[in-house]
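# Chain and residue survey
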Amino acid sequence: MIRRELYQELVDSLARQSAVGLLGPRQVGKTTLAFEVSQQIPSIYLDLEKPSDRAKLTDPELYLQAHADKLVILDEIHQMPEIYRVLRGLIDNGRRTGQATGRFLILGSASIDLLRQSGESLAGRIEYLDLGPLNLVETAATPANPSQLWLRGGFPQSFLASSDTNSLRWRQNFIRTYLQRDIPQFGPRMAATTIERLWTMLAHHQGGLLNASQLASGLGISAPSVTAYIDLLVDLLLVRRLPPWQANVGKRLVKSPKVYIRDSGLVHALLQVRTWDDLQGHPVAGPSWEGFVIENILSVLPDGTSTGFYRTAAGAEIDLVLDFGNQKGKGVWAIEIKSGLSPKPGRGFYHAIADLNPARSFVVYSGTDRYPLGPGIEAISPLELMQQIKEN
């Protein structure tokens, strides 16, 4: 069992709120985390994809009232959206009778679906938490080399597979399930082969500026259709659009977001990158490392942190900008990401540093040593940077 970083936050959320929505892609470990919490809190678990569990909710108000003294875990709740109104009534009644917290834990694999449905009925009664794939902090105590997490990605069954071959097979089946079942369930109808081609094109384009028209031309569909499906992949928590950093620096800034497939293992599966040797010789290695580091860093950021990338038309660029606001005086951090053991930021990074004047500047690389690269700039490993963010 790998203890998830979100465990204590989830326990704390249940202690202060009536309902908690735990969002994350399929197979990311939501149910496992919920069962771990249930070891500490008397609970019942209902998987609403199972007809037998849905049958228990034929009269949901009667059934849930009978378990008012327990935490009710509702998995795949989008299968019964009508239950939200019942939950609202039970929560409000519980508040009147002094049972105001820890009533319901709702698990969902599509953020927009759960947010829309629950928001209509449970406004002010629910708190949301995002559970992503395993990160470097969570896997640091395992015997696995950090490179295994980069190659295989952070889905637990992929990361913990007995071999790279079995890991790749799991990821290929995961992609097939999404293409054939989940994406058609949540989005408008489109041929699975077209969606797979789009997903593969995004993998080839990992970390690039989003150009829907260019992608549409390659697929033979309209740009609005491409945008709609990327929106869906974002809502399914599989793709990230990293926004451009808006700074008042008197420069012409790039306005398009960057697009990343969030799990590096899925990038490699889509591109048939099977082994560590394959990855080292593949053109996607640099962009894949960049996306891997970004996802790891974003997984440990405190609430209220603004993120983006900085790029000007003249070529000044920073891969990731973090604005912690007034949190412990951190201010703005600039982060450049380089694969390999000899991090050498280009002139564009130094120009961008001069534009933004960040409080701290880092170059994240594949090594483990930490050392200065110049005035106010440090080379650092992704794990050490994540630990520094968590500790400060």
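Overview of the structure. Everything quoted here is computed from the prediction, not taken from an experiment. (Residues numbered from 1 in each chain as written. Predicted model: local features only at pLDDT ≥ 70, side-chain atom pairs only at ≥ 80, totals over all residues. Heavy atoms only, no water.)

## Examining the overall build of the protein chain
The following threshold applies: Comment: elements are numbered from the N terminus, with helices defined as DSSP H or I runs of at least four residues and strands as E runs of at least two. Each radius of gyration is computed over the set of C-alpha atoms, and the globule rule expresses the reference value as 2.2 Å times the number of residues to the power 0.38. Exposure classes here rest on a 1.4 Å probe applied to the protein chains alone. A residue is buried below 20% of its type maximum, exposed above 50%, and partly exposed in between. It only takes one pair of heavy atoms within 4.5 Å for two residues to be counted as in contact. Note that accessible areas follow from Shrake-Rupley with a 1.4 Å probe, and for residues the cover is restricted to the protein chains shown. Only four residue types enter the tally: Lys and Arg on the positive side, Asp and Glu on the negative side, with His and both chain ends excluded. A single reference atom marks each charge: NZ on Lys, CZ on Arg, CG on Asp, CD on Glu.
A count of helical and extended segments in the protein chain gives 18 helices and 14 strands. For the protein chain, the C-alpha radius of gyration of 22 Å lies close to 21 Å, the compact-globule estimate for 392 residues. Relative to its full complement of 392 residues, the protein chain shows a buried share of 52%. Sequence-distant contacts in the protein chain: of pairs separated by 6 or more residues, those separated by 24 or more amount to 66%. Approximately 17400 Å² of the protein chain is accessible, and the part contributed by carbon and sulfur atoms is 48%. Charge separation in the protein chain, taken as the distance between the mean sites of 40 positive and 39 negative side-chain charges, equals 3 Å.

## Structural notes on the sheet that holds strand S6 (residues 208–209)
Paired through their backbone hydrogen bonds, the strands of a sheet run either parallel or antiparallel. What counts, and what does not: For two strands to be treated as a pair, DSSP must find no fewer than two bridges joining them. Between N-to-C directions, angles span 0 to 180 degrees; the directions come from axes that are lines fitted to C-alpha atoms, helices contributing only their stretch in contact.
Spatial strand order, S6-S8-S7: 3 strands in an open sheet with antiparallel pairing. With partners counted over all chains shown, the strands left at the sheet margins are S6 and strand S7 (239–242), one partner each. In the packing of helix H16 (residues 285–298) onto the sheet, contacts are made with S7 and strand S8 (258–261), and the angle to S8 comes to roughly 85°.

## Topic: the packing of aromatic side chains
Basically, it comes down to this: Planes of paired rings set the category: under 30 degrees apart is stacked, over 60 is edge-to-face and the rest tilted, where pairs are Phe, Tyr or Trp rings (Trp by its six-membered ring) whose centres lie within 6.5 Å. Ring-over charges, as used throughout, are those where CZ of Arg or NZ of Lys falls within 6 Å of the ring centre and within 35 degrees of the ring normal.
The tally for this structure, following the rule as stated, stands at 13 aromatic pairs. Between tryptophan 289 and phenylalanine 292, the ring centres sit 5.7 Å apart and the planes meet at 35°, which makes this aromatic pair tilted. Residue tryptophan 289 and its partner phenylalanine 292 are located together in helix H16, separated by 3 residues, close to a single helical turn. Like tryptophan 289, the residue phenylalanine 292 is buried in the burial classification. Every member of this aromatic cluster is reached through a ring pair, and the members are Trp150, Trp276, Trp289 and Phe292. A cation sits over an aromatic face here: arginine 3 above tyrosine 7, 4.1 Å from the ring centre.

## A short note on the nonpolar core
Definition in use: Side-chain atoms within 4.5 Å are what join buried Ala, Val, Leu, Ile, Met, Phe, Trp, Tyr and Cys residues into a set we call a nonpolar core.
Ile183 and Leu322 are the most contacted members of the largest nonpolar core, which has 86 residues in total. Leucine 322 has contacts with Ile297, Leu298, Leu301, Thr305, Ser306, Thr307, Gly331, Val332, Trp333, Ile335 and Ile389, leaving out every residue within four places of it along the chain. Leu48, Leu64, Ile83 and Ile126 belong to the second-largest nonpolar core, a separate cluster that totals 20 residues.

## Some points on the sheet that holds strand S1 (residues 19–23)
Spatially, S2-S3-S4-S1-S5 is the arrangement adopted by the 5 strands of the open sheet, whose pairing is parallel. Only two strands of the sheet have a single neighbouring strand rather than two, namely strand S2 (43–47) and strand S5 (126–130). Neighbour-to-neighbour, the strand axes of this sheet turn through a mean angle of 20°, independent of strand direction. Here S1 pairs with S5 via 5 bridges, running parallel. Note on S5: the bridge partner recorded for glycine 21 is tyrosine 128. Against the sheet, helix H1 (residues 7–16) makes contact with S1, strand S3 (71–75), strand S4 (104–108) and S5, and its axis sits at roughly 175° relative to S5, the strand it touches most.

## Some remarks on the pattern of salt bridges
Keep this limit in mind: Any Lys or Arg side-chain nitrogen found within 4 Å of a carboxyl oxygen on Asp or Glu counts as a salt bridge.
In this structure the tally under the stated criterion is 21 salt bridges. Ionic pairing is found between aspartate 92 and arginine 125, a salt bridge with its closest N-O pair at 2.8 Å. Pair noted here: aspartate 92 is in helix H5 (residues 83–96) and arginine 125 is in the loop between helix H6 (111–122) and S5, with a separation of 33 residues, a long-range link. Between arginine 240 and glutamate 295 there is a salt bridge; the shortest N-O distance is 2.5 Å. One end of the pair, arginine 240, is in strand S7; the other, glutamate 295, is in helix H16, and 55 residues separate them in sequence. Residue arginine 240 shares its accessibility class with glutamate 295, and that shared class is buried. Salt bridges sharing common partners tie together Lys258, Glu290, Arg311, Glu317 and Asp319.

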